Amino acid sequence: MRLQNYALGQWVAGTGAGTDLHHAVTGEKVAEASSAGLDFGAMAHYARTVGGPALRTMTFHERALMLKAMAKYLMERKDSLYALSSATGATKGDSWVDIDGGIGTLFVYASKGRREFPNETFHIDGPMENLSKNGTFVGRHLCVPLEGVAVHINAFNFPCWGMLEKLSPTLLAGMPAIVKPATLTSFLTEAMFRMMIESGIFPEGAIQLICGSAGDLLDHLTMQDAVAFTGSASTGHMLKAHPTVAANAVRFNMEADSLNCAIMGPDALPGTEEFDLFIKEVTREMTTKAGQKCTAIRRTIVPEGAMEDVIRALTKRLGDVKVGDPAVDGVKMGPLAGRPQVGEVHRSLDAIKGGAEVVFGGNDNFDIVGADRSKGAFFPITLLACNNPRERTQSHDVEAFGPVNTVMPYAAVGDAIELARMGKGSLVGSVFTADDRVAREVVLGMAPYHGRVYVLNRHSAKEATGHGSPLPHLVHGGPGRAGGGEEMGGARGVLHYMQRTAIQGSPTTIARITNEWITGAAQSGDRVHPFRKHFEELQVGETLLTHRRTVTETDIVNFACLSGDHFYAHMDEIAAKESIFGRRVAHGYFVLAAAAGLFVHPAPGPVLANYGMENLRFTKPVYAGDTIQVTLTCKSKTAKETPADGPPQGVVAWDVNVKNQDGELVATYTILTLVRRLTAPAPSIPA
Ligand code: NAP
């Protein structure tokens, strides 16, 4: 079967001989890939002129719903992908990480897109920055989608997750993508991609696919484009130095090799729960995906007195792992993704052997269940030991992208940290300890050299997600050898595909540009109370100045009794006199309650609920005898999906300022209300 490319809105077979792709277990040819004949420049242009504009007309919420619809669509059809995934050598568990993990990433971004971004086509980053004495000149940061194409170049090990973890933040940002999977396993990527096109959920031009070489695609990139690369450091450095990428300052994110480590804490000795967790995790990391995970544990750093115990325990567990055809019951580790990888990993292992001794595996004399050794891409699980890891540095320098790991000793926690840092920049390091002082020392010591630090002990183990699992909520990437890149991390990952622009001007101008009221911007009044208005009827900047209320000592005593808060500053004349207030003050929470009493309209109306408060500050004390007044301003509006069991609605954020009789601000905060909409919006995304 010849794989097809998806270019300019059509499926296209590449010309020429193509590259044969083989079943990792049987060695049989499963497909051939060729991208010869594609017009890569035209693909980039098509993405920029067709996909980009379509995505940019959608708001974040609409794009998020689009991701959700796609996640659901793929979820219903994923079974056929599992069958194909086994041809990459994946066990069922490996495939779950790749297929369900990828779809899960879409779901997470679908949810974050609606909760953490506005229902707008742009995003405002951070609060207003005041730049002037009188507040007439201010600044804000605006993020808008790049107007180019995102080129995604992926590694072979996760053909589905690798595609979806990059597509999710890219499409949510409003940018189209060209996906270029590693050729070796591109048959699985193509199958999932085909489903996405069949669904019709993404707009035309939003995604294109190259199965085979990327040709001269990089020659066509402009300053509005971005490259997200995952693969080996050598390829990554070469592509990053591409003349067009350099000349046009094309954004280039690199995720490359990583010599991740796991540190066994000095307290995690045999007999503790932490020791068992440590042994289990190292074994799992070595064998999941046959060690072909960018995050897999390559270096196992243990207290010097525990070397023998650790090697014994690991050897026993590794010896129980059945290697063979993942389709056979009981097989826990499959082959590498292809025979070329076997030679590659052997070469790396030979280099590591120059600085460490093999204590388990390491040769071809191992059992293979249900498959032919000469046809499949099988590799022996191999554990090495290095007693002098500061001088014999091969295991800190060479990545064997397979089931290979080196155990090494440390004397004190500081040495363990030093060894971890000898990886020269890693994606992830973990520490197994129930001693939080050790955890703190290790985390702070490792952090500058690691993209993620995983701390495991008996308290977190039950629900922990594993050393090797990048999560869409958290950043993935690492400094130095790991490429210096960063992707995902929830909203952070989306911003990689957007331009952050500082805008400066008067508060009113900035408010009109961003559609969000800020302090100092023009306000407007109306005879109708804002709580009597539906979502659509409210104007950003619309303000209510309430009547006044004088706070009395009776209020303070009543509130203390009602709330049970008899704090001395409110209730003890003598202590209050000696306090920073000089006399008894009203409760801050009373001021909030009294403010609500001033601005709320009591009659039933379009306001459905008050569901939160943000950024509360009490800026001055309120004493008995003070008179307070509230200014309530409509700050921003966010339309929401209509819930199945509720009316059409939106969220309105209100700026609340409470001032005293001298016009001094005593409290400031934002409240959020759910407000009924007059009409339900038509769904823009197929359900
Ligand atoms: P690779 O050989 O560097 O290939 C990576 C990708 O680059 C493939 O899609 C490859 O396409 C493409 N490529 C190669 N030459 C290219 C060129 N001239 N122009 C455009 N694209 C080009 O890496 P791999 O063997 O697939 O993956 C294994 C490596 O990836 C390991 O070192 C591992 O540590 C690393 N990795 C890192 C992460 C991470 O998140 N940091 C994740 C997974 C893997 P072809 O397949 O068509 O050559």
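A description of the pairing of strand 3 (residues 19–22) should follow, citing residues and the corresponding values.
Bridge count between strand 3 and strand 4 (residues 29–33): four bridges; the pairing is antiparallel. Each bridged residue has a counterpart across the sheet, and for Leu 21 the counterpart in strand 4 is Ala 31. What sits between strand 3 and strand 4 in their antiparallel hairpin is a turn of six residues, with Gly 27 showing a positive phi close to 80°.

Hey, could you go over the packing of helix 2 (residues 60–77) against helix 4 (residues 92–116) for me, with residue numbers and the actual values?
In contact at an axis separation of 8 Å, helix 2 and helix 4 are set at 155° when each is read in the N-to-C sense. Judged by the inter-axis angle, helix 2 sits roughly antiparallel to helix 4. Between helix 2 and helix 4 lies a crossing whose hand is left-handed. Two secondary-structure elements touch here, helix 2 through Phe 60, His 61, Ala 64, Leu 65, Leu 67, Lys 68, Met 70, Ala 71, Lys 72, Leu 74 and Met 75 and helix 4 through Asp 100, Ile 103, Leu 106, Phe 107, Tyr 109, Ala 110, Gly 113 and Arg 114.

Explain unusual backbone geometry residue by residue, including any values.
In this structure, Ala 249 is a non-glycine residue whose phi angle is positive, near 50°. Turning to its location among the elements, Ala 249 is positioned in the loop between helix 8 (243–247) and strand 11 (251–255). At Asn 515, a position not held by glycine, the phi torsion is positive, near 60°. Tracing the chain through its elements places Asn 515 in the loop between helix 16 (507–514) and strand 22 (543–550). Judged by its relative accessible area of 42%, Asn 515 is partly exposed.

Mind laying out the nonpolar core, listing which residues take part and the relevant values?
In this structure, Leu 67, Leu 74, Leu 167, Leu 171, Met 192, Met 196 and Phe 202 are the most contacted members of the largest nonpolar core, which totals 60 residues. For this core, the element with the most residues is helix 2, which contributes nine residues. One finds Cys 294, Val 323, Val 345 and Leu 383 within the second-largest nonpolar core, a separate group that totals 49 residues.

I'd like to hear about helix 10 (residues 307–319), residue by residue, with values.
Between the first and last C-alpha of helix 10 there are 18 Å, a value that for 13 residues agrees with the 18 Å anticipated at 1.5 Å per step. Looking at helix 10, one finds that the buried residues are Met 307, Val 310, Ile 311, Ala 313, Leu 314 and Leu 318. Down the axis of helix 10, the smallest arc covering the buried residues is 170°, so these residues share one side. Among the exposed residues of helix 10, those pointing more than 90 degrees away from its buried face are Glu 308, Arg 312 and Lys 316. Buried residues in helix 10 make contact with strand 12 (261–264), helix 9 (273–287), strand 13 (299–303), strand 14 (357–360), strand 15 (382–385) and strand 16 (404–410).

Describe the site of the ligand, and please don't skip the residues or the numbers.
Around the ligand, 26 residues are found, and the nearest of them are Asn 154, Thr 183, Ser 232, Thr 235 and Glu 399. Contact distances for the ligand include 3.4 Å between an oxygen atom and a backbone N or O atom of Ala 182. Taking Thr 235, its side chain carries an N or O atom lying 2.7 Å from an oxygen atom of the ligand. Protein chains shield 79% of the accessible area of the ligand, which is 910 Å² for the free molecule.

Can you explain the sheet that holds strand 6 (residues 138–145)? Please cite residues and give values.
As summarised here, the arrangement of the three strands in space is 5-6-21, forming an open sheet in which the pairing is antiparallel. In the strand order of this sheet, the two ends are held by strand 5 (123–130) and strand 21 (498–505), each with one partner. Strand-to-strand twist in this sheet, taken as the mean axis angle between neighbours without regard to direction, amounts to 20°. Taken together, the five bridges between strand 5 and strand 6 define a ladder with antiparallel strand orientation. By the bridge assignment, Asp 125 is partnered in strand 6 with His 141. Most of the contacts of helix 16 go to strand 21, to which it runs at about 150°, and overall it touches strand 5, strand 6 and strand 21.

Outline the environment of Glu 487, listing residues and values.
Checked against the element boundaries, Glu 487 lands in strand 20 (residues 487–488). Classification of Glu 487 by relative accessible area gives buried; the value is 7%. In sequence terms Glu 487 and Ile 197 are 290 residues apart; their C-alpha atoms lie 25 Å from each other. Those residues in contact with Glu 487 that lie beyond four places of it in its chain are Glu 165, Lys 166, Thr 230, Asn 253, Glu 255, Leu 474, Val 475, His 476 and His 496.

Explain the pattern of salt bridges residue by residue, including any values.
Taken as a whole and assessed by the stated rule, the structure comprises 34 salt bridges. Between Lys 166 and Glu 165 there is a salt bridge, with the nearest N and O atoms lying 3.6 Å from each other. Neither residue differs from the other here; Lys 166 and Glu 165 are each classed as buried. One salt bridge in this structure joins Lys 375 and Asp 372, with 3.8 Å as the shortest N-O distance. Look at the salt bridges and you will find they share partners, linking Arg 2, Asp 20, Lys 29 and Glu 32 into a network.

Now, about the packing of aromatic side chains: what can you tell me, with residues and values included?
Tallied over the full model, the rule gives 13 aromatic pairs. A centroid spacing of 6.1 Å and a plane angle of 85° characterise the contact between Trp 11 and Phe 193, whose relative ring orientation is edge-to-face. You can see Trp 11 sitting in strand 2 (residues 10–13) and its partner Phe 193 sitting in helix 6 (residues 186–199), a full 182 residues away along the chain. According to the relative accessible area criterion, Phe 193 is buried, its value standing at 0%. On the basis of an interplanar angle of 40° and a centroid distance of 4.6 Å, the ring pair of Phe 567 and Tyr 568 is categorised as tilted. Taking the relative accessible area as the measure of exposure, Phe 567 reaches 43% and is therefore partly exposed. Its relative accessible area of 39% is what places Tyr 568 among the partly exposed residues. Connected via pairs of aromatic rings, a cluster forms that spans Tyr 6, Trp 11 and Phe 193. Across from the ring centre of Tyr 73, 3.5 Å away, lies the NZ or CZ of Arg 77, which sits over that ring. One cation-aromatic arrangement involves Arg 583 over Tyr 623; the distance from NZ or CZ to the ring centre is 3.8 Å.

Tell me about the sheet that holds strand 25 (residues 649–659), and please be specific about residues and values.
The strands making up a sheet associate through hydrogen bonds between their backbones, and the pairing can be parallel or antiparallel. The strand order across the open sheet formed by five strands is 22-24-25-26-23, and the pairing between neighbours is antiparallel. What marks the edges here is a single partner per strand, and that holds for strand 22 and strand 23 (607–618). Adjacent strand axes in the sheet meet at a mean angle of 25° when their direction is disregarded.

Definitions and cut-offs
Residues numbered from 1 in each chain as written. Predicted model: local features only at pLDDT ≥ 70, side-chain atom pairs only at ≥ 80, totals over all residues. Heavy atoms only, no water. Pairing = 2+ DSSP bridges. Helix = DSSP H or I, 4+ residues; strand = E, 2+ residues; numbered from the N terminus. Axes fitted to C-alpha atoms, helices over the stretch in contact; angles between N-to-C directions. Parallel < 35°, antiparallel > 145°, perpendicular 65-115°, else oblique. Left-handed = near helix turned anticlockwise from the far one by under 90°. Contact = heavy atoms within 4.5 Å. Buried < 20%, exposed > 50% of the residue type's maximum accessible area, 1.4 Å probe, protein only. Core = buried A, V, L, I, M, F, W, Y, C linked by side-chain atoms within 4.5 Å. Expected span 1.5 Å × (residues − 1). Arc of directions from axis to C-beta. Near = heavy atom within 4 Å. Polar contact = N/O pair within 3.5 Å; in protein donor to acceptor, adjacent residues only side chain to side chain. Areas by Shrake-Rupley, 256 points an atom, 1.4 Å probe, with all protein chains shown as cover. Salt bridge = Lys/Arg side-chain N within 4 Å of Asp/Glu carboxyl O. Phe/Tyr/Trp six-rings, centres within 6.5 Å; stacked < 30°, edge-to-face > 60°. Lys NZ or Arg CZ within 6 Å of the ring centre and 35° of its normal.

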